[in-house]
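Analysis of the macromolecular model
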Amino acid sequence: MTALNRVPSLMVRAGTASALTLAAVGGSVVIPGVASDAAAATPATKALQVAASKKGSPYKWGATGPRRFDCSGLTLYSYKAAGKKLPRTAAQQYNKTHHISAKSRKAGDLVFFHSGSNVYHVGIYAGKGKIWHAPKTGDVVRLQKIWTRSVWYGRVS
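Residues numbered from 1 in each chain as written. Predicted model: local features only at pLDDT ≥ 70, side-chain atom pairs only at ≥ 80, totals over all residues. Heavy atoms only, no water.

Each neighbour pair has its own omega, and for Gly65 with Pro66 the value is 5 degrees, a cis peptide bond. Of note, Pro66 is situated in the loop between α3 (43–53) and α4 (71–81). With phi around 55 degrees, Lys128 is a residue other than glycine that occupies positive phi space. Inspection of the secondary structure assignment puts Lys128 in the loop between β5 (118–127) and β6 (130–133). (Helix = DSSP H or I, 4+ residues; strand = E, 2+ residues; numbered from the N terminus.)

So, in structure tokens, the structure goes:
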């Protein structure tokens, strides 16, 4: 629970027990409508946060973190930190996800770049047409606008 969810003891009464009483016995007061970090973070949200936290990490082919990544290594690492298991390559990850339309995409979904039926790149959708990804040798993990319409979307379940 974050400090944002706790309320100073003299400001709130919870039923007949004051917040001061709750604090004295080790309880917490939660503000209605404000989710705790744990409750708010879905695996997709958590994976997105992990990917964003790797901003600037160098690309290295075959790397799965925690300091260097290739594209599917970043998605694998991010979802693993969120408690979900993904296979190693972009194509394998595509085959493991629930395929969704562009209209249904949400932050945290995977974005698969393809040429014909060949999936060659993957990133994590960040919203507003952008992804977090590890682009290529000589580059770093970064947020970038999706540059092509040749993409498919997948949701990790």
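So, about the side chain of Asp139. Along the chain, the position of Asp139 falls in the loop between β6 and β7 (142–145). Its relative accessible area of 15% is what places Asp139 among the buried residues. In contact with Asp139, other than residues within four places in its own chain, are Pro58 and Tyr59. (Buried < 20%, exposed > 50% of the residue type's maximum accessible area, 1.4 Å probe, protein only. Contact = heavy atoms within 4.5 Å.)

Right, let's talk about the packing of aromatic side chains for a bit. Counted by the stated rule, this structure contains five aromatic pairs. Here the aromatic rings of Tyr94 and Phe112 are separated by 5.1 Å at their centres, their planes lie at 75 degrees, and the arrangement is edge-to-face. Taken together, the residues Tyr94 in helix α5 (residues 90–96) and Phe112 in strand β4 (residues 110–115) connect sequence positions 18 residues apart. Taken as a pair, Tyr94 and Phe112 share a single burial class, namely buried. By the ring-pair criterion, three or more aromatic residues cluster together here, those being Tyr94, Phe112 and Trp152. (Phe/Tyr/Trp six-rings, centres within 6.5 Å; stacked < 30°, edge-to-face > 60°.)

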